[in-house]
Amino acid sequence: AITKLPEISHRLEGFYCQCFGAEAVEVIKDSAPVNKARLDPNKAYIQITFVEPYFDEYEMKDRVTYFEKNFNLRRFMYTTPFTLDGRPRGGLSEQYKRKTILTTMHAFPYIKTRINVIQKEEFILTPIEVAIEDMQKKTLELAIATSQEPPDAKMLQMVLQGCVGATVNQGPLEVAQVFLAEIPAEPKLFRHHNKLRLCFKEFIMRCGEAVEKNKRLISSDQKEYQQELKKNYNKLKENLRPMMERKIPELYKPMVKVRSETRESFHRASFRKQETHSV
């Protein structure tokens, strides 16, 4: 099994505290970039974070099974939330995310449990890109919970509650209100705005499927709970409808059509047989 973060953190901290003394060892428990100038030169610092295998889209076609997704791994990713003013967390419109991709010298699993990193790449997601990724994740969770065989009613209800629950903070409705309430002024955001709008259309469709699936799974003593879920779903759907239907006109302009007579005259001119004269 893959080692859990708390387990490896406790193990490494204990080992190095025995080597150098507890007062000389400090564990950095977040994944934010470290300013080495602020570190105490008399201390040993250990920065530990959680990583997950990273695959390009083309790789996912060949890595289908659990074994294929956890064998012969050289690239790993971890994410770091941040805001432009230095805080790790902020409002939806302030929340950025840094993705760091590490490439190791050899592939895991390996005869050694630690392998040197030979390449590091970073790219940053803007707040609307973070929202798109979060909504795609929620939609995937709904799809998996709905199609699970045999059905797991508790898991389905837990996922549903996190999507349509009335008390969900920074939930789907707030995301839509922040990013879809108005068409962005900057044209470079049009594509992201439209992508998020389409994400919400798929999300609300999956919510409807999940609510109907839950209806078929519940026992008689959960009918009131089902009615509350259905009520919350309908309310969310109605609140999202205006924003999901608001398209950006510039992205849906009709293509300029070539007039038929112009096209025909061009065709005649292009393929007109040339006469040759012999002298």
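Predicted, not measured: the structure shown is a model, and the values here were computed from it.

Report on the overall build of the chain, specifying residues and quantitative values.
Counting its secondary structure elements, the chain contains eight helices and six strands. Order of helices (α) and strands (β) in the chain, N terminus to C terminus: α-β-β-β-α-β-β-β-α-α-α-α-α-α. Taken over 279 residues, the chain has a buried fraction of 31%. Pairs at least 24 apart in sequence give 59% of the contacts found in the chain among residues at least 6 apart. Carbon and sulfur atoms make up 54% of the accessible area of the chain, which amounts to about 20,100 Å² in all.

I'd like a description of the nonpolar core, backed by residues and values.
One recurring pattern in soluble globular proteins: nonpolar side chains tend to sit buried together. If you look at the biggest cluster of nonpolar residues, it comprises 30 residues, and the most contacted ones within it are Leu142, Val164, Leu196, Phe200, Phe203 and Leu240. For this core, the secondary-structure elements that each account for two or more residues are α3 (127–147), α4 (153–164), α5 (172–179), α6 (190–217) and α7 (223–245). Leu12, Val27, Ile46 and Ile48 belong to the second-largest nonpolar core, a separate cluster that totals five residues.

Could you give an account of the pattern of salt bridges, with specific residues and numbers?
If charged atoms from side chains of opposite charge come close, those side chains can pair. Under the definition given, this model contains 15 salt bridges. For glutamate 26, the salt bridge goes to lysine 43, with nearest N and O atoms at 3.3 Å. Of the two residues, glutamate 26 sits in strand β1 (residues 25–28) while lysine 43 sits in the loop between β1 and β2 (44–47), which places them 17 residues apart along the sequence. When salt bridges with common partners are traced through the structure, they connect Asp56, Arg75 and Glu121 into a single cluster.

Go over the packing of α4 against α7 with me, naming the residues and quoting the values.
Packing of α4 against α7 brings their axes to within 10 Å, and their N-to-C directions diverge by 35 degrees. In this structure, α4 meets α7 at a crossing whose hand is left-handed. Packed against α4, whose contacting residues are Gln157, Leu160, Gln161, Cys163 and Val164, the element α7 presents Tyr225, Leu229, Asn232, Tyr233 and Leu236 at the interface. A breakdown of the residues in the contact of α4 with α7 according to their chemical character gives seven nonpolar, three polar and no charged.

Mind laying out the packing of aromatic side chains, listing which residues take part and the relevant values?
Throughout the structure, instances matching the rule amount to six aromatic pairs. Between phenylalanine 15 and tyrosine 16, the ring centres sit 5.0 Å apart and the planes meet at 85 degrees, which makes this aromatic pair edge-to-face. When its relative accessible area of 26% is taken as the criterion, tyrosine 16 is described as partly exposed. Taken together, the ring pairs connect Phe15, Tyr16 and Phe20 into an aromatic cluster. Geometry around phenylalanine 82 places arginine 98 over its ring, the cationic atom sitting 4.5 Å from the centre.

Could you give an account of the environment of histidine 106, with specific residues and numbers?
Along the polypeptide, histidine 106 turns up in strand β5 (residues 96–108). The class of histidine 106 is partly exposed, set by a relative accessible area of 31%. Along the primary structure histidine 106 and asparagine 116 are separated by 10 residues, whereas in three dimensions their C-alpha atoms are 8.1 Å apart. Not counting chain neighbours up to four residues away, the residues in contact with histidine 106 comprise Leu73, Arg74 and Ile115.

Describe the packing of α3 against α5, listing the residues and the values that go with them.
It is the contact of α3 with α5, at a shortest axis distance of 11 Å, that shows an interaxial angle of 150 degrees. Relative to α5, α3 is oriented roughly antiparallel. For the pair α3 and α5, the sense of crossing is left-handed. Judged by residue contacts, Pro127, Ile128, Ala131, Met135 and Lys138 of α3 engage Pro172, Val175 and Phe179 from α5. Counted by class, the contact of α3 with α5 contains seven nonpolar, no polar and one charged residues.

Criteria and thresholds
Residues numbered from 1 in each chain as written. Predicted model: local features only at pLDDT ≥ 70, side-chain atom pairs only at ≥ 80, totals over all residues. Heavy atoms only, no water. Helix = DSSP H or I, 4+ residues; strand = E, 2+ residues; numbered from the N terminus. Buried < 20%, exposed > 50% of the residue type's maximum accessible area, 1.4 Å probe, protein only. Contact = heavy atoms within 4.5 Å. Areas by Shrake-Rupley, 256 points an atom, 1.4 Å probe, with all protein chains shown as cover. Core = buried A, V, L, I, M, F, W, Y, C linked by side-chain atoms within 4.5 Å. Salt bridge = Lys/Arg side-chain N within 4 Å of Asp/Glu carboxyl O. Axes fitted to C-alpha atoms, helices over the stretch in contact; angles between N-to-C directions. Left-handed = near helix turned anticlockwise from the far one by under 90°. Nonpolar A, V, L, I, M, F, W, Y, C, P; charged D, E, K, R; others polar. Phe/Tyr/Trp six-rings, centres within 6.5 Å; stacked < 30°, edge-to-face > 60°. Lys NZ or Arg CZ within 6 Å of the ring centre and 35° of its normal. Parallel < 35°, antiparallel > 145°, perpendicular 65-115°, else oblique.

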